[in-house]
Amino acid sequence: QTDPVHFLQIWILPERAGIAPGYEQTRFEDAEKRGRLRLVASRDGRQGSVTVHRDVNLYATLLEAGHHPIVLDDLSKGHRELIPGGDFVYGDCGDASLLDGLLQGERIDAQYLVCCMGMLSAPLTDRFPGQSSFQGQILHTALWPKDGVDLKGKRVAVIGTGATGIQVIQTIKGEVGEMTVFVRTPQYVIPMRNPKYSAADWAGWGERFHELKQRVRSTFAGFDYDFDAPPWDSLTPAEREAVLERLWDDGSLSLWLSSFPEMFFDEAVSEVVSEFVRRKMRDRLKHDPALCELLIPTDYGFGTHRVPLENGYLEAYLQDNVHTVNCRQTPIERIVPEGIQTADGTVHPFDVIIMAVGFDAGSGALTRVDIRGRGGRSLKEEWQREIRTAMGMQIHGYPNLFSTASPLAPTAALCNMTTCLQAQVDWVTDCIAYARAQGKTVIEPTREFEDAWVAHHDETANKTLVVKTDSWYMGSNVEGKPRRLLSYIGGVGHYHRQCDEQAAQGYPGFAMR
């Protein structure tokens, strides 16, 4: 604390949020009497503002604009002209990592760059030809207007039935006039229980805080439950069914992440568990043949894709005002002024189109920023060829760059994000503190360690059925994206043990100088 590490926190103005370079004027206005500075942005005659507080060096709070402001390293300098939406440039300059191009005519030097940019924060927006021609309103679930949308009585299309599409469909089903869901890939779903906790329940959880804090570091997915069922082969069919029924009734992800790990490796076990879930879904769909064929997966196993929790999703399709289009038979061809045109030539008219079409997961948040490493190497270009990291927290060739929720770590998809991100932040903090205590100013994984981690990641993943499917877990939803399981599937507990071993041994996989 007598020699603190100085961090620069930067909030990016991404083009995807509709706040791209091209502002008429962006400036900081002095508001010293209130101990704050206000970022005022205007574009096309519209203004928005945010207030930057100083209570913890750099801390931003959205007030009106609803989007990400840029936070400067020194707010006391008052008025500044900025160019929002610029790129990061990450360079090799010995004892510091520099950011350039963010502010016009200004360079910000920082010793470390820690990218906490999220694993599902790069939405796929420009998905179909003709989107700009639509005469109604196109909404992207990841960029939902903060003031909400009036859908009462309107003809609404929902494109996509992944986790977010499911949430949208079950939420708006009672509000819209007519809703048409464009279905390509059906999902195994579990009805969420949403229990109500009493004061006594909260007190009970609170008393177990330290126990649970350690527990979630050791389980497969960072939850308080784990694969505790007896081995599959040791049980009779009736006993297996009883385990599945108990976990189904729990109304959580426990059926996926604490039942039988054999379902990730053994196709026969996967089929039994998958059929159990299909049977539950058929019952909820009233065994309607067309709906069951459209909405119940049969070409991949339960748990090899993300498993959404929902509340009344399947029942939405039983409403008279909810319709479906099978995009496996008639894919969307383009967006036209009136609505959506499918491959059979049909034009489906709508007032609103809601796009729940996914993200460039895991890697997209980093590759949408022009991150440069040693010798000007481009992370975007390298990851277009092969996505690689060292434990998901550093990348060879990019010294002093750390990241969380990045590829080849459980935080890319397969963990309780809150507990896993906390562990990664702790590890990064300890690593930097260790380097400073040793008088080192540069930290970078060795090529040998990164190679070993990638090999271990792939060996672990290739033993599972997950890599045999097409989903965003494998990058299959982004054309041209290198195929590799984005998330480490060896388990949160095993991952943390390997991270702890690196720290205990003085970070042998990371060169410090």
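Analysis parameters
Residues numbered from 1 in each chain as written. Predicted model: local features only at pLDDT ≥ 70, side-chain atom pairs only at ≥ 80, totals over all residues. Heavy atoms only, no water. Helix = DSSP H or I, 4+ residues; strand = E, 2+ residues; numbered from the N terminus. Buried < 20%, exposed > 50% of the residue type's maximum accessible area, 1.4 Å probe, protein only. Contact = heavy atoms within 4.5 Å. Expected span 1.5 Å × (residues − 1). Arc of directions from axis to C-beta. Core = buried A, V, L, I, M, F, W, Y, C linked by side-chain atoms within 4.5 Å. Phe/Tyr/Trp six-rings, centres within 6.5 Å; stacked < 30°, edge-to-face > 60°. Polar contact = N/O pair within 3.5 Å; in protein donor to acceptor, adjacent residues only side chain to side chain. Salt bridge = Lys/Arg side-chain N within 4 Å of Asp/Glu carboxyl O.

Bringing the overall build of the protein chain into the picture now. A count of helices and strands for the protein chain gives 13 helices and 20 strands. A total of 513 residues make up the protein chain; the buried ones form 51% of that total. The contacts in the protein chain between residues at least 6 apart in sequence include a share of 65% that link residues at least 24 apart.

In this model, helix α12 (residues 447–461) (15 residues) spans 21 Å end to end at C-alpha, consistent with the 21 Å of a helix rising 1.5 Å per residue. Residues of α12 that are buried include every one of F449, E450, W453, V454, H457, T460 and A461, and no others. On an axial view of α12, the arc spanned by its buried residues comes to 135°, and they lie on one face.

By size, the foremost hydrophobic cluster in this structure holds 66 residues, and its most contacted members are I172, L255, W256, F302, Y317 and I354. For this core, the element with the highest residue contribution is helix α6 (residues 267–284), accounting for 5 residues. Those residues in contact with W256 that sit more than four places away from it in its chain are F227, M263, F264, F302, G303, H305, R306, V307, L414 and Y473. Counting 22 residues, the second-largest nonpolar core is a separate cluster that includes M391, W453, Y507 and F510.

With that settled, consider the environment of V183. In this fold, V183 is placed in strand β10 (residues 178–183). Exposure remark for V183: the relative accessible area of 0% places this residue in the buried category. In this structure the C-alpha to C-alpha distance between V183 and L295, which are 112 residues apart in sequence, comes to 7.8 Å. Contacts of V183, omitting those with residues within four sequence positions, involve T161, L294, L295, Y317, V325, N326, C327 and R328.

The tally for this structure, following the rule as stated, stands at 20 aromatic pairs. Centroid distance W453 to Y488: 5.1 Å. Interplanar angle 35°. Geometry classified as tilted. Of the two residues, W453 is situated in helix α12 and Y488 in the loop between α12 and α13 (492–504); the sequence distance between them amounts to 35 residues. For the pair shown, W453 and Y488 are each scored as buried. Site record: aromatic cluster; members linked through ring pairs are W427, Y434, F449, Y507 and F510.

Here we take up the environment of T161. Tracing the chain through its elements places T161 in the loop between β9 (155–159) and α1 (163–172). Taking C-alpha positions, T161 is 9.1 Å from L295, a pair spaced 134 residues apart along the chain. If near-sequence neighbours (up to four positions away) are discounted, T161 is found in contact with I166, I169, V181, V183, T185, P186, Q187, Y313 and Y317. Polar side-chain contacts of T161 include one of 3.1 Å to the backbone oxygen of T185.

Attention shifts here to the pattern of salt bridges. Tallied over the full model, the rule gives 24 salt bridges. Note that E211 is salt-bridged to R208, the shortest N-O span being 2.9 Å. For E211, a relative accessible area of 46% translates into the label partly exposed. Judged by its relative accessible area of 33%, R208 is partly exposed. With its nearest N and O atoms 3.0 Å apart, the salt bridge here joins K280 to E245. Of this pair, K280 sits in helix α6 while E245 sits in helix α4 (residues 237–249), and the two are 35 residues apart along the sequence. What makes E245 partly exposed here is its relative accessible area of 26%. Here the residues in one salt-bridge network are E386, R388, R447, E450, D451, D458 and R484, joined through shared partners.

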